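Letter by letter, the chains look like this.
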Amino acid sequence: MKKISLILTVVFALAITFTGCKKDTNLTKADIIPQNFKVDIPSSISNSAAKADKDGVLNGNDIYGHLSNFIAVGESAADIVQEIMRAIRQYDLDQAMTFSYQSDDDGRTKNVVIIENSEFEGTTWEYELTMTDADSETNTDGGKAMQIFWNNSPVKGISILKPYNLNRKEQNDRSDENTMYRIDYSEVDATYDATMKVYISGLVLPDPTVGDNKFAMETMKMFVGKKGDIVDVFGNSNHPNASFFDENTVGFNWAFAAAGDESNDRGVAEVGLPPSNLDETSRTVLLDDFSIYNVFHSELIDLGYQEADIQDYLVNTQAPGYFNNDGFVSAGQAPSSAYDAAETSMNNLTPYNPILISNLVIHFKNDDAS
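Okay, so let's go over this structure. (Residues numbered from 1 in each chain as written. Predicted model: local features only at pLDDT ≥ 70, side-chain atom pairs only at ≥ 80, totals over all residues. Heavy atoms only, no water.)

Digging into the overall build of the protein
The line we're drawing: Only runs of H or I of at least four residues qualify as helices and only runs of E of at least two qualify as strands under DSSP, and these elements are numbered from the N terminus. The buried label applies to any residue whose accessible area, calculated with a 1.4 Å probe on protein chains only, is under 20% of its type's maximum; exposed applies above 50%, and partly exposed to all values in between. Should any heavy atoms of two residues lie within 4.5 Å, those residues are considered in contact. Surface accessibility in these figures is a Shrake-Rupley result with a 1.4 Å probe; residues are shielded only by whichever protein chains are displayed.
Within the protein, the regular secondary structure consists of eight helices and 13 strands. When the 370 residues of the protein are sorted by exposure, 54% land in the buried category. Counting contacts in the protein only where the partners sit at least 6 residues apart, residues at least 24 apart contribute 61% of the total. Of the accessible surface of the protein, which amounts to about 15,700 Å², a share of 43% is contributed by carbon and sulfur atoms.

Below, the structure is given as structure tokens:
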């Protein structure tokens, strides 16, 4: 019986440089730039290490393993924002100014405008930085490559990126022209010490008939929140060409809720496979009715497999899945009480409405559709 391996590949190859505009390495205002713009995620829910497979049993890492790919996307996005803020600190870009520079990456002129007291999405931000690709400013997108909005006290910010305009050399395929990322970071949430949301839209879908391309991701949204030792993670990605055992049933969200405990490196996760066009917000529907076990079981029954064989095969699909630093440990029942704190927190998390994630589009400020 074939295995299911959902492979997500998202490349964050963005080099944020401000070569030629450096003012002084002996900064006097850098302290007003936020030092942190990311939430670190415990390795217990970001480690993809696999364990040995058993004949006729779906490996737990085939089911839960690509949770680490989701986490990698989020952490890479956070690293981008962190590097952006470091560049802002390094070059003392903390006041209204306008300048241009030639990018070391694609050799193209980039224009940068920084303004104070900018309004976006109902919030007045202390600063807004907008970067454009100079030769593309007459295009429909205005040549926008990056917009950052941030407040320093308390720390909160939004970063919106368009790789095609950031580095035309790396993003030279016009099929990638509509790919965009957005990262929201906040230290003002009443529930968490710090939160991060990662959005991705417009990823190009490769030919689904080649290899594992049918599992390619088009959009995603993920939340990460840290409270003490517990880090909550939940979200969805949309895979419009994905199918599993029944090739005629196509288009799924990969929806999940997970929590990691930094105090003991334990993690817990649940995964659902709701249809891409499902309009639903209920945790019960998303993670129970459309659990991996239920979706796979239903398809295998419809294809004529025997119940006993199905039960043996799907043993590791029972929810939730339990993890340590070495990856998947077990499914369905906690190995010990060391997982209690993470599981309690995970049980309060709900993925996003699938149809909203499937239709996700990211916009810069002042875009016509925003």
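Quick word on the packing of aromatic side chains
Each aromatic ring pair is characterised by the separation of its centres together with the angle its planes make. The line we're drawing: Put simply, two rings from Phe, Tyr or Trp (the six-membered ring, in Trp's case) pair if the centres are within 6.5 Å, and we call them stacked under 30 degrees between planes, edge-to-face over 60, tilted for the rest. Remark: a charge is flagged as sitting over a ring if the NZ atom of Lys or the CZ atom of Arg is within 6 Å of the ring centre and within 35 degrees of the ring normal.
In this structure the tally under the stated criterion is 14 aromatic pairs. Ring centres of Trp254 and Phe256 lie 5.4 Å apart, and the angle between their planes is 45°; this geometry places the pair in the tilted category. Of the two residues, Trp254 and Phe256, neither departs from the other in class, the shared state being buried. Sitting above the plane of the Tyr199 ring, Arg182 keeps its charged end 5.3 Å from the centroid.

Observations concerning the pattern of salt bridges
Selection rule: A side-chain nitrogen of Lys or Arg and a carboxyl oxygen of Asp or Glu constitute a salt bridge if their distance falls within 4 Å.
Applying the stated rule across the entire model yields twelve salt bridges. With a shortest N-O distance of 2.8 Å, Arg182 and Glu121 are connected by a salt bridge. On the criterion of sequence distance, the pair formed by Arg182 in strand β6 (residues 180-186) and Glu121 in the loop between β2 (109-120) and β3 (123-133) is long-range, its members being 61 residues apart. Across the pair Glu128 and Lys365 runs a salt bridge, and its minimum N-O distance is 3.3 Å. Remark: Lys365 occurs in the segment after α8 (354-358) and Glu128 occurs in strand β3; sequence separation between them is 237 residues. The residues Glu128 and Lys365 share a single accessibility class, namely buried. Here the salt bridges share partners, and the residues they tie into one network are Asp106, Arg108, Lys110, Asp133 and Arg168.

Overview of the pairing of strand β5 (residues 155-161)
Heads up, the rule is: For two strands to be treated as a pair, DSSP must find at least two bridges joining them.
Within β5, six of the seven residues are buried, leaving the element largely enclosed by the surrounding structure. Pairing analysis gives seven bridges linking strand β4 (residues 144-152) to β5, with the strands arranged antiparallel. Bridge pairing links Asn151 to Lys156 in β5. Two successive antiparallel strands, β4 and β5, enclose a turn made up of two residues.

What about the environment of Glu280?
With respect to the helices, strands and loops of the structure, Glu280 is situated in the loop between β11 (266-272) and α4 (283-289). Taking the relative accessible area as the measure of exposure, Glu280 reaches 23% and is therefore partly exposed. Taking the C-alpha atoms as reference points, Glu280 and Pro354, separated by 74 residues in sequence, lie 6.9 Å from one another. Not counting residues within four places of it along the chain, the set of residues in contact with Glu280 comprises Val285, Leu286, Asn353 and Pro354.

Quick word on the environment of Ala96
Note on placement: Ala96 falls in the loop between α2 (67-90) and β1 (97-102). Along the chain, Ala96 and Leu129 lie 33 residues apart, while their C-alpha atoms are 9.0 Å from each other. The contact partners of Ala96, leaving out residues within four places of it in the chain, are Ile114, Ile115 and Glu116.

Here we look at unusual backbone geometry
Residue Ser153 is joined to Pro154 through a cis peptide bond whose omega torsion reads 0°. With respect to the helices and strands, Pro154 occurs in the loop between β4 and β5. The step from Ala319 to Pro320 runs through a cis peptide bond, and the omega angle for that step is -5°. Inspection of the secondary structure assignment puts Pro320 in the loop between α6 (307-313) and β12 (321-324). Positive phi, normally seen in glycine, also occurs at Glu121, with a value near 55°. Classification of Glu121 as exposed rests on a relative accessible area of 51%.

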